[in-house]
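If you want the building blocks of each chain, they are given just below.
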Amino acid sequence: MKTCDIIGISDSRKQWFPPHIADIIQSGKVFSGGRRHHEIMQPLLPSDAVWIDITVPLSQVFEQYQRYDHVIIFASGDPLFFGFANTVLRECCGVTMRVFPSMNSLQMLAHRMCVPYQDMHVVSLTGRDWAKLDEALINGEKMIGCLTDRVKTPHTIHQRMAAYGYTNYLMTVGEYLGNEDCERVSTYDKQDTYGHPNCVILQKQTERIKPFGIPDAAFTLLDGREKMITKMPIRLLTLQALDLPRRHVLWDIGFCTGSISIEARLQFPHLQVEAFEIRPECEAIIQENARRFGAPGISIHIGDFLLQDISTLPRPDAVFIGGHGGQLKDIMEKVLTVLAPDGIIVFNSVIAPKVTTDSRQLWDDACEALALRQEEPIRIQLNDHHPITILKCKR
């Protein structure tokens, strides 16, 4: 394929095109698109048209494209708006491409609702995870437009939002937008199924308070033990030491109640948070706390960290070790196998008279053995609690 024209269409069964686009279609020989696009466009194609369905695996689709000099591709709405034109740009270097957009579905839904949409925060859930929607909700965006698929539907979006307390948004659903026979725009009414394709606009009705420094007493604790949580001032200093505004992936090893993971998620929602804990009972605790404080998207890993396969997980550039079971050096050594080149490790050392193992000495020994460079520590004591030293190192 040397050249391609990508033409955006709506779901209308009565497509109209300006003369220059109609001429492109009538003079074309090879066309492509999804099966729904074929149904819509078939009456308007030349009688001898060749059609290539866009199906997975896409590699086979592009192999077929290479047999022809010119392909006309139909895509929904604006092909450069989370659309197929982005895939062509990525996969077909050197191809001359022209794009002729129509209105995308979220634009159409905003027009049906008669709401200004210049400040709408757009996320695509089509074949993607929840990360961008979670980030938008935590940030409290005023209006969020969501592109859906058959798994992440209006119903599953509503369920996830309700589970984490984001009930302060009004959801409007647009189904079959542009289709004269079955287009429907409605306020979400808890029904399980909606016609596909559909999209969603969320409008914030009230503010949801996001605490900066969650009170310790607000957390569900492990067996009610107050000592099994990183105290709020220490927690915030730890997040500062982790340098999270410019980090991307945080690993919280030994999360217990999840206070570090949850506080980090709320204050820095762009982060991908991977939380590890050896005690199975802590899984329910972190889930309950994450729902209580509105912190979706924390990935939880239960089991001995030293025995877990971490090769497929996203590489961390910030690691907090909250628990080590006397195996601090082994944990740090394993972390170093995946730590990003500019990554940092933070550890809080408690000075307590009845502690048999000096955690500061374990840290110093590990840093020396692993050739890690320590930064200036921070020492703090809260009320009558034992002093804590916040330690930080990097390669």
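Residues numbered from 1 in each chain as written. Predicted model: local features only at pLDDT ≥ 70, side-chain atom pairs only at ≥ 80, totals over all residues. Heavy atoms only, no water.

> In this structure, what is going on with the overall build of the chain? I would like to understand it.
Each helix and strand in the chain was counted, giving 12 helices and 18 strands. Projected onto its principal axes, the C-alpha positions of the chain cover 85 × 45 × 30 Å. Burial status across the chain gives 50% buried among its 395 residues. For the chain, restricting intrachain contacts to residue pairs at least 6 apart in sequence, the fraction spanning at least 24 positions comes to 67%. Counting every atom, the chain has about 19,500 Å² of accessible surface; 51% of that belongs to carbon and sulfur. Each charge sign in the chain was given a centre, from 41 positive and 47 negative side chains, and these centres are 2 Å apart. (Helix = DSSP H or I, 4+ residues; strand = E, 2+ residues; numbered from the N terminus. Buried < 20%, exposed > 50% of the residue type's maximum accessible area, 1.4 Å probe, protein only. Contact = heavy atoms within 4.5 Å. Areas by Shrake-Rupley, 256 points an atom, 1.4 Å probe, with all protein chains shown as cover. Lys, Arg positive; Asp, Glu negative; His and termini not counted. Charge placed at Lys NZ, Arg CZ, Asp CG, Glu CD.)

> What's the story with the packing of helix H11 (residues 328–336) against helix H12 (residues 359–369) in this structure? I'm lost.
Helix packing geometry: the angle between the two helix axes and the distance between the axes. Here H11 crosses H12 at 40°, and the two axes come no closer than 9 Å. Comparing the axis directions of H11 and H12 gives the class oblique. Once H11 is placed against H12, the crossing between them reads as right-handed. Contacts from Leu 328, Lys 329 and Met 332 in H11 reach Ser 359, Leu 362, Trp 363, Ala 366, Cys 367 and Ala 369 in H12. The class makeup of the residues in the contact of H11 with H12 is 7 nonpolar, 1 polar and 1 charged. (Axes fitted to C-alpha atoms, helices over the stretch in contact; angles between N-to-C directions. Parallel < 35°, antiparallel > 145°, perpendicular 65-115°, else oblique. Left-handed = near helix turned anticlockwise from the far one by under 90°. Nonpolar A, V, L, I, M, F, W, Y, C, P; charged D, E, K, R; others polar.)

> What exactly am I supposed to notice about the nonpolar core here?
Side chains of nonpolar character tend, in soluble globular proteins, to be buried together. Formed by 52 residues in total, the largest nonpolar core has its most connected members in Leu 133, Ile 144, Leu 202, Leu 244 and Ile 262. Considering every element that reaches this core, the biggest residue donor is helix H10 (residues 281–293), with 5 residues. Residue contacts for Leu 244: discarding those within four places in its chain leaves Leu 239, Leu 250, Ala 264, Phe 268, His 270, Leu 271 and Ala 318. Formed by 25 residues, the second largest nonpolar core is a distinct cluster that contains Val 249, Ile 310, Val 335 and Trp 363. (Core = buried A, V, L, I, M, F, W, Y, C linked by side-chain atoms within 4.5 Å.)

> How do you make sense of the pattern of salt bridges when you look at a structure like this?
Pairing is possible between side chains of opposite charge, provided their charged atoms come close. Per the counting criterion, the structure on display carries 23 salt bridges. When the shortest N-O distance is used, the salt bridge between Glu 263 and Arg 235 registers 2.8 Å. With a gap of 28 residues between them, Glu 263 in helix H9 (residues 259–267) and Arg 235 in helix H8 (residues 232–241) connect regions that are remote in the sequence. Here Glu 263 and Arg 235 have matching classes, each one buried. (Salt bridge = Lys/Arg side-chain N within 4 Å of Asp/Glu carboxyl O.)

> Explain the packing of aromatic side chains to me, please; I cannot follow it from the model alone.
In this description, an aromatic ring pair is defined by two values, namely the gap between the centres and the angle between the planes. What the rule picks out here adds up to 11 aromatic pairs. Between Phe 219 and Phe 293 the ring centres are 4.9 Å apart and the planes differ by 55°, which places this aromatic pair in the tilted class. Here Phe 293 lies in helix H10 and Phe 219 lies in the loop between strand E10 (198–204) and H8, a separation of 74 residues in the sequence. One exposure class covers both Phe 219 and Phe 293, and it is buried. Measuring from centroid to centroid gives 6.3 Å for Trp 251 and Phe 305, while their planes differ by 75°, and the two rings are edge-to-face. One end of the pair, Trp 251, is in strand E11 (residues 249–253); the other, Phe 305, is in the loop between strand E13 (299–302) and strand E14 (318–321), and 54 residues separate them in sequence. Pair check on accessibility: Trp 251 and Phe 305 agree, each one buried. An aromatic cluster is defined as three or more aromatic residues linked by ring pairs; in this entry it consists of Phe 31, Trp 51 and Phe 74. Lys 334 extends its terminal NZ or CZ atom over the ring of Phe 305, reaching a point 5.3 Å from the ring centre. (Phe/Tyr/Trp six-rings, centres within 6.5 Å; stacked < 30°, edge-to-face > 60°. Lys NZ or Arg CZ within 6 Å of the ring centre and 35° of its normal.)

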